[in-house]
Amino acid sequence: MAFTPHAAAAPDAAPDNSMIARRQRAMALCADAKRTDLEEILDVLRYEGAVEDLRRPETGLVMVRGQIGGDGAPFNFGEATVIRAAVRLDSGEVGFAYQLGRDAQKARMAAIIDALLQSPRHSRVTEDALKPIELRLAGERAVRERQTAATRVNFFTMVRGED
Amino acid sequence: MYVAVKGGEAAIDNAHRLLAHARRGDPAVPELATEQIDEQMSLLVDRVMTEGSLYDRQLAALALKQARGDLIEAVFLVRAFRTTLPRFGYSEPVDTARMELRRRISATYKDLPGGQVLGPTFDYTHRLLDFMLMANGEAPVAPAEVEALTDEDGTPRVTDLLDAEGLIEASSALQDEVPVGDLTREPLSFPAERDLRLQALARGDEGFVLALGYSTQRGYGRTHPFVGEVRVGEVEVEFTPQELGFPVPLGRLTVTECQMISQFKGSAAVPPQFTRGYGLVFGQSERKAMAISLVDRSLRARELGEDVVAPAQDEEFVLSHADNLQATGFVEHLKLPHYVDFQAELDLVRRMRAEHERDQAIHLSEAAE
Amino acid sequence: MSALALGFADQVTSAQQIFGAVMNAFACPGSLQPLRSDLDPPRPLSPELAAIALALVDHEAPIWIDARLAAEPAVAEFLRFHTGATIVSRPEEAAFALVADPEGPLPVERFALGTAEYPDRSTTLVFAVSDLSEAEGWRLTGPGIPGSRNFLASPWPRGLADIVRANRTLFPRGLDVLLAAPDCVVGLPRTTRLVEEI
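Now for a look at the structure at hand. (Residues numbered from 1 in each chain as written. Chains lettered and ligands numbered in written order. Predicted model: local features only at pLDDT ≥ 70, side-chain atom pairs only at ≥ 80, totals over all residues. Heavy atoms only, no water.)

## Things to note about the sheet that holds strand β4 (residues 124-128) of chain C
Residues and elements named next belong to chain C.
- Taken in spatial order, the 6 strands line up as β1-β8-β7-β4-β3-β2 in an open sheet, and their pairing is mixed. Taken across any chain shown, the strands that pair with only one partner, and hence form the sheet edges, are β1 (33-34) and β2 (63-65).
- Two strands pair when backbone bridges link them, and strand β7 (residues 176-181) and strand β8 (residues 184-188) are joined in this way by 5 bridges, in the antiparallel orientation. From the neighbouring strand, Ala180 faces β8, where its bridge partner is Val185. (Pairing = 2+ DSSP bridges. Helix = DSSP H or I, 4+ residues; strand = E, 2+ residues; numbered from the N terminus.)

## Quick look at the pairing of strand β4 (residues 226-239) of chain B
Residues and elements named next belong to chain B.
- Burial within β4 is extensive, with 13 of its 14 residues counted as buried.
- Sheet analysis places strand β3 (residues 100-105) next to β4, joined by 5 bridges and oriented antiparallel. What sits directly across from Arg104, in β4, is Arg231. (Buried < 20%, exposed > 50% of the residue type's maximum accessible area, 1.4 Å probe, protein only.)

## Description of the nonpolar core
- Formed by 106 residues in total, the largest nonpolar core has its most connected members in Phe77(A), Leu45(C), Ile52(C), Leu79(C) and Leu98(C).
- Setting aside chain neighbours within four positions, we find Ile52(C) in contact with Ile18(C), Val22(C), Leu35(C), Val57(C), Val126(C), Leu178(C), Ala180(C) and Val185(C).
- Counting residues in each nonpolar core, the second largest holds 27 residues, with Val88(C), Ala97(C), Ile145(C) and Ala153(C) among its members. (Core = buried A, V, L, I, M, F, W, Y, C linked by side-chain atoms within 4.5 Å. Contact = heavy atoms within 4.5 Å.)

## As for helix α8 (residues 194-202) of chain B
- Most of α8(B) is tucked away, with 9 of its 9 residues classed as buried.
- Every buried residue of α8(B) is accounted for by Arg194(B), Asp195(B), Leu196(B), Arg197(B), Leu198(B), Gln199(B), Ala200(B), Leu201(B) and Ala202(B).

## Some details on empty space enclosed by the protein
- The tally for this structure, following the rule as stated, stands at 3 cavities of 30 Å³ or more.
- Looking at the largest cavity, the residues that line it are Arg23(A), Ala26(A), Met27(A), Cys30(A), Phe96(A), Ala97(A), Tyr98(A), Gln99(A), Ala110(A), Ile113(A), Asp114(A) and Val248(B).
- If you list the elements that add at least two residues to the lining of the largest cavity, you get α1 (17-32), β3 (94-100) and α3 (104-118) of chain A.
- For the lining of the largest cavity, the per-class residue count stands at 9 nonpolar, 1 polar and 2 charged. (1 Å grid on protein atoms, 1.4 Å probe; cavity = no way out; pocket = protein on both sides within 12 Å on 5 of 7 lines; lining within 4 Å. Points joined across faces, edges and corners; volume = space filled by probe spheres on them. Nonpolar A, V, L, I, M, F, W, Y, C, P; charged D, E, K, R; others polar.)

## Side note on the interface of chain A and chain B
- Taken together, the contact pairs 59 residues of chain A with 79 residues of chain B.
- For the pair chain A and chain B, the two sides together bury roughly 6,400 Å², of which 62% comes from carbon and sulfur.
- Three residues stand out in chain A for area buried against chain B, namely Arg65(A), Phe77(A) and Tyr98(A), and they jointly supply 11% of the buried area on that side.
- Here chain A is connected to chain B by 9 salt bridges.
- Connecting chain A to chain B are 30 residue pairs in polar contact (both at pLDDT 80 or more).
- Of all the elements in the fold, those that place two or more residues in the side of chain A that touches chain B are α1, β1 (51-67), β2 (74-89), β3 and α4 (123-149) of chain A.
- Of the residues forming the side of chain A that touches chain B, the biggest block, 11 residues, is contributed by β1(A).
- Partitioned by chemical class, the residues of the side of chain A that touches chain B number 28 nonpolar, 17 polar and 14 charged. (Buried area = accessible area lost by both parts, 1.4 Å probe. Salt bridge = Lys/Arg side-chain N within 4 Å of Asp/Glu carboxyl O. Polar contact = N/O pair within 3.5 Å; in protein donor to acceptor, adjacent residues only side chain to side chain.)

## Observations concerning the packing of helix α2 (residues 35-45) of chain A against α3(A)
Residues and elements named next belong to chain A.
- Remark: α2 packs on α3, axes separated minimally by 9 Å, with the N-to-C direction vectors making an angle of 40°. Classed by the angle they form, the pair α2 and α3 counts as oblique. As for how α2 packs across α3, the hand of that crossing is left-handed. Along the contact surface, α2 presents Arg35, Leu38, Glu39, Ile41, Leu42 and Leu45, while α3 presents Gln105, Lys106, Met109, Ala110, Ile112, Ile113 and Leu116. (Axes fitted to C-alpha atoms, helices over the stretch in contact; angles between N-to-C directions. Parallel < 35°, antiparallel > 145°, perpendicular 65-115°, else oblique. Left-handed = near helix turned anticlockwise from the far one by under 90°.)

## A look at the environment of Phe317(B)
- Within the secondary structure, Phe317(B) sits in helix α11 (residues 315-321).
- Ignoring any residue separated from it by four or fewer positions in sequence, one finds Phe317(B) in contact with Phe208(B), Leu212(B) and Pro311(B).

## Concerning the side chain of Ser37(C)
Residue and element names in this part refer to chain C.
- Positionally, Ser37 belongs in the loop between β1 and α2 (47-56).
- A polar contact of 3.1 Å, which involves the side chain of Ser37, links it to the backbone nitrogen of Leu39.
- From its side chain, Ser37 meets the backbone oxygen of Pro47 in a polar contact 3.3 Å long.
- Setting aside residues no more than four positions away along its own chain, Ser37 makes contact with Pro47 and Ala51.

## Quick word on the interface of chain B and chain C
- Chain B puts 8 residues into the contact, and the matching count from chain C is 9 residues.
- With both chains or domains summed, chain B and chain C bury close to 660 Å², and 46% of this area falls on carbon and sulfur atoms.
- If you sort the residues of chain B by the area they bury against chain C, Arg185(B), Gln242(B) and Glu243(B) come out on top, with a joint share of 69%.
- In this structure, the connection of chain B to chain C is made through 2 salt bridges.
- The interface formed by chain B and chain C contains 3 residue pairs in polar contact (both at pLDDT 80 or more).
- Its residues assigned to classes, the side of chain B that touches chain C comprises 2 nonpolar, 2 polar and 4 charged.

## Some details on the packing of α2(C) against helix α4 (residues 73-83) of chain C
Residue and element names in this part refer to chain C.
- Remark: α2 packs on α4, axes separated minimally by 9 Å, with the N-to-C direction vectors making an angle of 30°. When the axes of α2 and α4 are compared, the pair comes out roughly parallel. At the point where α2 passes α4, the crossing takes the right-handed sense. In this structure, α2 uses Ala50, Ala53 and Leu54 to contact α4, whose residues at the interface are Phe78, Leu79, His82 and Thr83.

## What to know about unusual backbone geometry
- Omega for the peptide link from Phe190(B) to Pro191(B) comes to 0°, which places this bond in the cis form.
- Take Pro191(B): it is sitting in the loop between α7 (158-164) and α8.
- Cis rather than trans, the peptide bond between Phe171(C) and Pro172(C) has omega equal to 10°.
- Note on placement: Pro172(C) falls in the loop between α5 (160-170) and β7.
- Phi is positive for Arg68(B), close to 60°, though the residue is something other than glycine.
- Phi at Asp183(C) is positive, roughly 70°, even though this residue is not glycine.
- Here Asp183(C) shows up in the loop between β7 and β8.
- Residue Asp183(C) is classed as partly exposed on the basis of its relative accessible area of 39%.

## Topic: helix α4 (residues 57-66) of chain B
- Residues of α4(B) that are buried include every one of Leu59(B), Ala60(B), Ala61(B), Ala63(B) and Leu64(B), and no others.
- Turning to α4(B), the residues buried within the fold contact β2 of chain A together with α2 (34-40), α3 (42-52), β1 (54-55) and α5 (71-82) of chain B.
- Looking at where α4(B) begins, the residue whose side-chain oxygen comes 3.2 Å from the main-chain nitrogen of Gln58(B) is Asp56(B).
- Where α4(B) terminates, the next one or two residues include Arg68(B), which has phi positive at roughly 60°.

## Looking at the sheet that holds strand β5 (residues 131-141) of chain C
Residue and element names in this part refer to chain C.
- The 3 strands lie next to each other as β6-β5-β9, forming an open sheet whose pairing is antiparallel. This sheet does not close on itself; its edge strands, each paired only once, are β6 (149-154) and β9 (193-195). Across this sheet, the average inter-strand angle for adjacent strands is 65°, counted without regard to direction.
- With respect to the sheet, α5 is in contact with β5, β6 and β9, its orientation differing from that of β9 by roughly 115°.

The following block contains the structure:
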């Protein structure tokens, strides 16, 4: 799924747009992945450096918006629990996580992954480590799509005889 | 006037112990796990999330277990928990056009782009109780699979098909400067705009909204609706944190969306066309989404120049009574001690009775003369 | 972002303590209320100003910062990260105004005063000062002050006396003021009057 990078709201640093897109993709994967998936990724990456908690995992709410008619003006239709975390590596990169749910461990791990992704030293190997998760999630999605597709109605006309 | 009543602590403690005992039921029966509620009573969990106005399956399942299955009590627990959490902000509007569809049907076109996809539905079951489900332990047959036709651009909306001919009203435009109403921030006041009405209906009691929707079909209000489309599936939710300045994908939610298409409406300025009702809720809650879309259309009476003659068109009636937690709060408060009030009532009735009897006596003696 | 300072070590306790201090400051105008902060924010944002911001501000409370604070980008970054607040350039949009240079120019006439219906929708001014004293200075009177109370701030915020005088005529609209010095805070709600020696 492609995310259109938006311009940074903060007047300071102008981040690299493609880095934003890569981070967004990784965040989406981490959000859909299970906690054990992220544990495995960090095991594989074997990052030995210090990780400082800039923001310890904190649960809050995001008000979810829809669009009237599906494509019109926005409206609020309910809140969702969201957990967020921020960590800082000793090389200075700051990683963030914002995820649906309340899994503190998972959020913290996702924040570490986001930080590693921004570090020139670990960026490539982190994205490689995420690939198996991406493949598995894509496979699960494909199964769901096939199951759903089996319930699609095929309208056909009866043909009588050979006339 | 409420009377502060002291004492009864011991009774209350014991009541709670008895409640926990009643909640558990027969200890010989295995205890219910919240995961079981989440997985196997998922539609009930969806309803608690929608009416509790909080998307969190675990919390909703826990609330149901704690509430012994009492839906409104569970909604109470969820709403109360919500007040303990800080609000981070508002999400980007979800894009239902990019929904990962589980179900998609239309009553207006038979063969439409994307097709009629039934999904896991009760619609075609015969509604016969299945006693095999009492036996437990029967592994369900694995679902059938068929090659999926993946469409990168999503499945187009039925309303877009009508829009191509210019026969359906356009959606209200996205206006950046107009603030989006939020019931959790400002108390409801009337007239209420459509965004607030949809928020109120989404968290409203399904039974109440369903009955009102039904009433519009029975002739109270003038909609002759068709289900343009019902979609159930997962949508991506994004949020833009201040410190990042770009949208962050939070994960995916299941939502149900209904587009209801109604009766022509023409005026001097606007040619006859189809008008719309819309409903969007958490989870697979088709009935609720459809009911909301009926009531949404009905409440647009004022905006569309229709006379307000029916309860479902009466904004104040509909929105003030839709929230089942508010409703039960006031109804159940009657259980609180009203001892002093009642004593006053008792005295008044006694006095009125005494006067009445005096009047009767006078009346009789006058008649005798 | 790599140099971002940390927030409260114990969010809940700290927030409650700061809230309590500010509440007592407004309830007993002019009295010195202890306010301890473990924060080490980017200067010139003082630990007390930072603590008040982190405890009271969220994404629905826009902040205005004075020129001295705005000159250091790390300050805005710190505030945004820890509170989620929007930092506004128009004073009338601000729920809180943080002032690190009390003697500097301040657009006092542009801050929000609230409305007759919602007088609370005004800007709360928070000044960082070096010293606060109850021993001498101006005499304050009004709700929450038994008789009168002395009050002195150093440096004395420019225009503070005018603000307090203006509050008298504007009531219920007006501006509430907090003054934060190392380890303490004083509140001057809009109901407080200066006893003028004529």
